[in-house]
Amino acid sequence: MRMYDLIEKKRDGGELTEEEIRWMLQGYVAGEIPDYQMSAMLMAIFFRGMTDQETSVMTDAVAHSGDMVDLSPIEGVKVDKHSTGGVGDKTTLVIAPIAAACGVKVAKISGRGLGHTGGTVDKLESIPGLRTDLDMREFFDAVNRTGLAVIGQSGNMTPADKKLYALRDVTATVNSIPLIAVSIMGKKLAAGSDAILLDVTCGSGAFMKELDDAVELAKKMVQIGEQAGKRMAALITDMDTPLGYYIGNSLEIIESVEVLKGRGPEDLREVCLALSSNMLYLSGCGSLEECREKAREAIESGAALKRLADMVQAQGGDPGYILDTDRFARAPYCGKVTAPRDGYIVRMDTAGCGTASSMLGAGRVTVDSVIDPAAGIILKKKTGDAVKAGDVLAELYTSKEELLADAQKRYLEAIAIGDDRPCEKPLILARVEGGRAEIYQP
Ligand code: URA
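Residues numbered from 1 in each chain as written. Predicted model: local features only at pLDDT ≥ 70, side-chain atom pairs only at ≥ 80, totals over all residues. Heavy atoms only, no water.

With respect to the packing of aromatic side chains
Given two aromatic rings, one states the distance between the centres and the angle between the planes to describe the pair.
Now for step 1: As enumerated under the stated definition, the model contains 3 aromatic pairs in all.
Now for step 2: For the ring pair F139 and F140, a centre distance of 6.1 Å and an interplane angle of 35° mean the geometry is tilted.
Now for step 3: When its relative accessible area of 0% is taken as the criterion, F139 is described as buried.
Now for step 4: Judged by centre distance (5.1 Å) and plane angle (65°), the ring pair of Y321 and F328 falls under edge-to-face.
Now for step 5: Taking the ring centre of Y28 as reference, the NZ or CZ of K163 above it sits at 4.3 Å.
Now for step 6: Across from the ring centre of Y245, 4.5 Å away, lies the NZ or CZ of K382, which sits over that ring. (Phe/Tyr/Trp six-rings, centres within 6.5 Å; stacked < 30°, edge-to-face > 60°. Buried < 20%, exposed > 50% of the residue type's maximum accessible area, 1.4 Å probe, protein only. Lys NZ or Arg CZ within 6 Å of the ring centre and 35° of its normal.)

Dropping the structure here:
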């Protein structure tokens, strides 16, 4: 087989066979196919797309390109949740403890921040002492004892995705629905859970800007998971505005704890209830309504908050930070961003808000950047809010004063103020299960 012929076939709209796809990925991971040929293939896929058969085979090949996690040492139903990424998206920190408090196991392998989006592993590492590099024995043990654990991806999981993602990142081929489906579902299948809930974000802070594209991606990923024998569903959630009011690593832990204490902002609470009830539903805990009631009860009784504190302790962290979030160190420098005029916030470039947070030290500018756990943004106004000139729109926090000015400028650029209050949008835009999409958007 020759890579040249496969590129030519895909370029001309042909369908790659299973044998060709497996040969190509094995050769690429082994270093036998060079980046320039794989780049050409990715661009051909970007323009020509992939059939369902090609997408399923490529996902399976990515999943099997490295270690497959066998979660059988963990008793009971194991449920996973994956978000396609967002800003202020801290839902894992709330819903994994809720699911565990309701008797379901969450053995989660999470990522670090990527571009303007945050990552659960970076957030958890802002808790002093907490380790996200547990070995598999420690991981299984922690889940069996506390019902949940969250670790980073180990060295040899889905090496094909690591190489392909890095190449897509520099060849303008990230935003392809089949390639995103392959990348996400390859990792999810390798991670070994029985049930997977997908949170496909949609809007200015997400990969998918349009609802139609988000639904198409969700349907594709649900189908791939079902073919692999997993129980699957997806929610399409709004990411046209940051989720909640806190962006940044320790700031997002603090806001998650607020929700687990029965407080916190309405939008974050609502999205967390929707996601956790769907996780419980997929795990066989009852109807969606019954599961929502169970999730609510896990918050009200304090059982979910206790699970988070137990998880932190089991992973070597100090649970005192969960029980009293005032213990988190505050960043020494704060700069405010104020409204330049009267009006309403009509739009937020949510990716821009995430970039401003990264610029303060909350994310990585280069792969070697050291994260500032206390850096980030506290929003004071969001889309739909009325503002007067001089009102504080957001407070920006950092440990390096010299980073403030550029981040303030970037944040202000991300906010559009107009004369008329924009229409409200639902937080949950659609739900996908069994090949069907229920759209909640008017
Ligand atoms: N997240 C992933 O893991 N992969 C993609 O391709 C996009 C988002």
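Topic: helix 4 (residues 52-63)
Now for step 1: Between the first and last C-alpha of helix 4 there are 16 Å, a value that for 12 residues agrees with the 16 Å anticipated at 1.5 Å per step.
Now for step 2: Burial of helix 4 is extensive: 9 of the 12 residues sit out of reach of the surface.
Now for step 3: Of all the residues in helix 4, the buried ones are E54, T55, S56, V57, M58, T59, A61, V62 and A63.
Now for step 4: The elements touched by buried residues of helix 4 are helix 1 (3-11), helix 2 (18-29), helix 8 (159-170), helix 9 (177-191) and helix 10 (211-227). (Helix = DSSP H or I, 4+ residues; strand = E, 2+ residues; numbered from the N terminus. Expected span 1.5 Å × (residues − 1). Contact = heavy atoms within 4.5 Å.)

Remarks on the pattern of salt bridges
Now for step 1: Within the structure shown, the criterion is met by 29 salt bridges.
Now for step 2: It is possible to trace a salt-bridge network through shared partners that takes in D349, K409, R410 and E413. (Salt bridge = Lys/Arg side-chain N within 4 Å of Asp/Glu carboxyl O.)

Remarks on the site of the ligand
Now for step 1: In the vicinity of the ligand, the contacting residues are Y165, R168, I180, S183, I184, K187 and F207.
Now for step 2: Here an oxygen atom of the ligand and a side-chain polar atom of R168 are 2.9 Å apart.
Now for step 3: At 2.7 Å, a side-chain N or O of S183 approaches a nitrogen atom of the ligand.
Now for step 4: Notes on the ligand: free accessible area 240 Å², of which the protein chains cover 92%.
Now for step 5: Taken together, the elements giving at least two residues each to the shell around the ligand come down to helix 8 and helix 9.
Now for step 6: Looking at the shell around the ligand element by element, the count peaks at 4 residues for helix 9.
Now for step 7: The residue makeup of the shell around the ligand, split by class, is 4 nonpolar, 1 polar and 2 charged. (Near = heavy atom within 4 Å. Polar contact = N/O pair within 3.5 Å; in protein donor to acceptor, adjacent residues only side chain to side chain. Areas by Shrake-Rupley, 256 points an atom, 1.4 Å probe, with all protein chains shown as cover. Nonpolar A, V, L, I, M, F, W, Y, C, P; charged D, E, K, R; others polar.)

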